[in-house]
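Here is what each chain is made of, one letter per residue.
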Amino acid sequence: MKPVLKYILNKPVDLTHVTILVPKSNIEEVIDVIRSVGALHIEVVGKEISEYRSKYEKMINLFDKINTILSNVHGVIVDVEITRYDLETIDLDFIENDVNKIYREIEALVNEKNLAQDNLRKLLFIRDILIHIPGDFTLKNLFYKGKLYSALTISGRVESFEQLTNRHRDVKTLYSKIYEQSIVAILIIPSTMYDEVLNTARVLGFNVLTFIDLYEKIGLKHDMMVQDALKIINEEIEKFKNRVIEIDGMIIDRVKSSVIDLCKYQLLIENRVEHLKTIFSALNSKYISVITGYVPTVKLSDLINSIKSRNIAFYIETRKPVKGVDEPPTLLDNPPVVNYYEPIIKFIGVPRYWEWDPTPLIAYSFALFFGLMLGDMGFALAIILSVVFIL
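Residues numbered from 1 in each chain as written. Predicted model: local features only at pLDDT ≥ 70, side-chain atom pairs only at ≥ 80, totals over all residues. Heavy atoms only, no water.

> Would you explain the overall build of the chain in this entry?
Looking only at helices and strands, the chain features eleven helices and nine strands. Across the 391 residues of the chain, 41% fall into the buried class. Considering only contacts in the chain between residues 6 or more positions apart, those separated by 24 or more positions represent 82%. Per element, the accessible surface of the chain, about 22800 Å² overall, is 56% carbon and sulfur. (Helix = DSSP H or I, 4+ residues; strand = E, 2+ residues; numbered from the N terminus. Buried < 20%, exposed > 50% of the residue type's maximum accessible area, 1.4 Å probe, protein only. Contact = heavy atoms within 4.5 Å. Areas by Shrake-Rupley, 256 points an atom, 1.4 Å probe, with all protein chains shown as cover.)

Okay, structure coming up:
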């Protein structure tokens, strides 16, 4: 609040809640430092140090999530600066909420991209087999299971095909095409041998064409001719390729829109992790204590610098009080003359932290009424003297 306004309306001193982890051997020294900056409600609390180990693990997890998010973009140069204000005001819960929100959005896009890529791989696999099969064949010629005979379409190396047919003499070849060192073949198999032949084909490294759910999703039917199926498959391949490119763009745009914040969070977390790592590595948990209190916000930098100057290993967390949740102490700070009336306020009742400081109002009204009463007293004294000496 501006100095001039303090003579009219005033608020209690703005406070920040601090939590400091320090070695037990330095407790008294740190408490003296905290008191020297005007801190209130100083306590050495019995919190389990495991709470801070959990925070440490949470920060490591957030750091990994940020790295995962940023790994989706490359070649982006970011110049990020961390101010003392950032270090003191951006809390871990805020970072966690923002990072998790971005992470969930990116994760959903990545999952969608992976699904599109999986479907694309399946379609490419099907196409790579169908292009070697006559266009007037129907899909049901390629794969079916009957009571007596079944059909199986495979793709693999020529020498492996010879091993397969030599091992299973009852298998007949409906169609085959050799290209380079590979072969595509449609086999007619006695249904009683189907599982045995299928297992051998897979052991020999063959790709086996099956009528997967994807066929029906893109409109393929059993009675459709191969040439018609290829047209649909090629169209779907292009759709999935374009969708993958589109999702890549969405991921990059989403990351770039938050890259400065993410890099800032990364530096903030790294800073806090290093502080905690230092104190955890230097001392066993049972030799660490937790001190809490409320410090005037304007004195926060002085507190941190003062502890640092004493070469004490420490970790500090700061947060602003939350109305309705916290009930900070009240520290009055009135300008000269007005502050003479603070004892009256303390006698009547100190205002809550969230309320206005009535000291200026009391000062002016008290002075006014005192002046009125003093005038009445002088008038009464004059009458008394007149009566005594005149009458």
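> Looking at this structure, how should I read the packing of aromatic side chains?
Applying the stated rule across the entire model yields two aromatic pairs. For the pair Phe-94 and Tyr-265, a centre-to-centre distance of 6.4 Å together with 80° between the ring planes defines the contact as edge-to-face. Remark: Tyr-265 occurs in helix H8 (residues 226-282) and Phe-94 occurs in helix H4 (residues 92-130); sequence separation between them is 171 residues. On the basis of relative accessible area, Tyr-265 is assigned to the buried category, the value being 4%. A cation over a ring is seen here: Lys-65 above Tyr-103, with NZ or CZ 5.0 Å from the ring centre. (Phe/Tyr/Trp six-rings, centres within 6.5 Å; stacked < 30°, edge-to-face > 60°. Lys NZ or Arg CZ within 6 Å of the ring centre and 35° of its normal.)

> Whenever I open this one, the nonpolar core confuses me. Can you help?
The nonpolar side chains of soluble globular proteins are, as a tendency, buried together. Of all hydrophobic cores here, the largest spans 29 residues; its most connected members are Ile-95, Val-99 and Leu-262. Only helix H2 (50-70), H4, H8 and strand S8 (288-296) provide two or more residues apiece to this core. Take this core: its biggest share by element is eleven residues, from H8. (Core = buried A, V, L, I, M, F, W, Y, C linked by side-chain atoms within 4.5 Å.)

> Could you clarify how one ought to interpret unusual backbone geometry in this entry?
Phi is mostly negative for residues that are not glycine, and the peptide bonds are mostly trans. Its identity as a non-glycine residue notwithstanding, His-41 has a phi of 55°, on the positive side. Among the structural elements, His-41 can be located in strand S2 (residues 40-45). Even without being glycine, Asn-311 reaches a positive phi, approximately 55°. Within the secondary structure layout, Asn-311 lies in the loop between helix H9 (300-309) and strand S9 (315-319). Taking the relative accessible area as the measure of exposure, Asn-311 reaches 72% and is therefore exposed.

> Hey, could you run me through helix H6 (residues 194-203) in this one?
Along an α-helix, a turn takes 3.6 residues, which lines up residues three or four apart on a common side. Three or more residues of H6 are buried, namely Tyr-194, Val-197, Leu-198, Thr-200 and Ala-201. For H6, the arc enclosing every buried residue in end-on projection is 165°, short of the 170-degree limit, so these residues lie on one face. Summarising the geometry of H6, the exposed residues directed more than 90 degrees from the buried face are Asp-195 and Val-203. Looking at the buried residues of H6, the elements they touch are strand S3 (144-145), strand S4 (149-157), helix H5 (158-167), strand S6 (182-190) and strand S7 (207-209). At the exit of H6 stands Gly-205, carrying a positive phi of roughly 90°. (Arc of directions from axis to C-beta.)

> Help me understand the pattern of salt bridges, please; the structure alone is not making it clear to me.
Oppositely charged side chains can pair when the atoms bearing their charge come close. What the rule picks out here adds up to 14 salt bridges. For Asp-118, the salt bridge identified is with Lys-122, shortest N-O distance 3.4 Å. Separated by four residues within a single helix, Asp-118 and Lys-122 lie in helix H4, roughly one turn from each other. Through salt bridges with shared partners, a single ionic network connects Lys-101, Glu-105 and Arg-254. (Salt bridge = Lys/Arg side-chain N within 4 Å of Asp/Glu carboxyl O.)

> Help me out: how do you make sense of the side chain of Ser-155 in this one?
Within the fold, Ser-155 resides in strand S4. Judged by relative accessible area, which is 8%, Ser-155 ranks as buried.

> Can you help me understand the pairing of S4 in this one?
A regular strand places its side chains on the two faces of the sheet in alternate fashion. With seven of nine residues buried, S4 is to be regarded as a mostly interior element. Sheet analysis places S3 next to S4, joined by two bridges and oriented antiparallel. By the bridge assignment for S4, Tyr-144 is matched with Ala-151. With antiparallel pairing between neighbouring strands as the criterion, S3 and S4 make up a hairpin whose turn holds three residues. Judged from the nine bridges that link them, S4 and S6 form a sheet pairing that is antiparallel. (Pairing = 2+ DSSP bridges.)

> I would appreciate a short explanation of the packing of helix H1 (residues 27-36) against H9 in the present structure.
Each packed pair of helices is defined by two parameters, the angle between the axes and the distance between the axes. With their axes 9 Å apart at the nearest point, H1 and H9 run at an angle of 150° to one another. As summarised for this structure, H1 and H9 are arranged roughly antiparallel, according to the angle between their axes. For the pair H1 and H9, the sense of crossing is right-handed. Across the interface between the two elements, Val-30, Val-33 and Ile-34 from H1 touch Leu-303, Ser-306 and Ile-307 from H9. A per-class count over the contact of H1 with H9 returns five nonpolar, one polar and no charged. (Axes fitted to C-alpha atoms, helices over the stretch in contact; angles between N-to-C directions. Parallel < 35°, antiparallel > 145°, perpendicular 65-115°, else oblique. Left-handed = near helix turned anticlockwise from the far one by under 90°. Nonpolar A, V, L, I, M, F, W, Y, C, P; charged D, E, K, R; others polar.)

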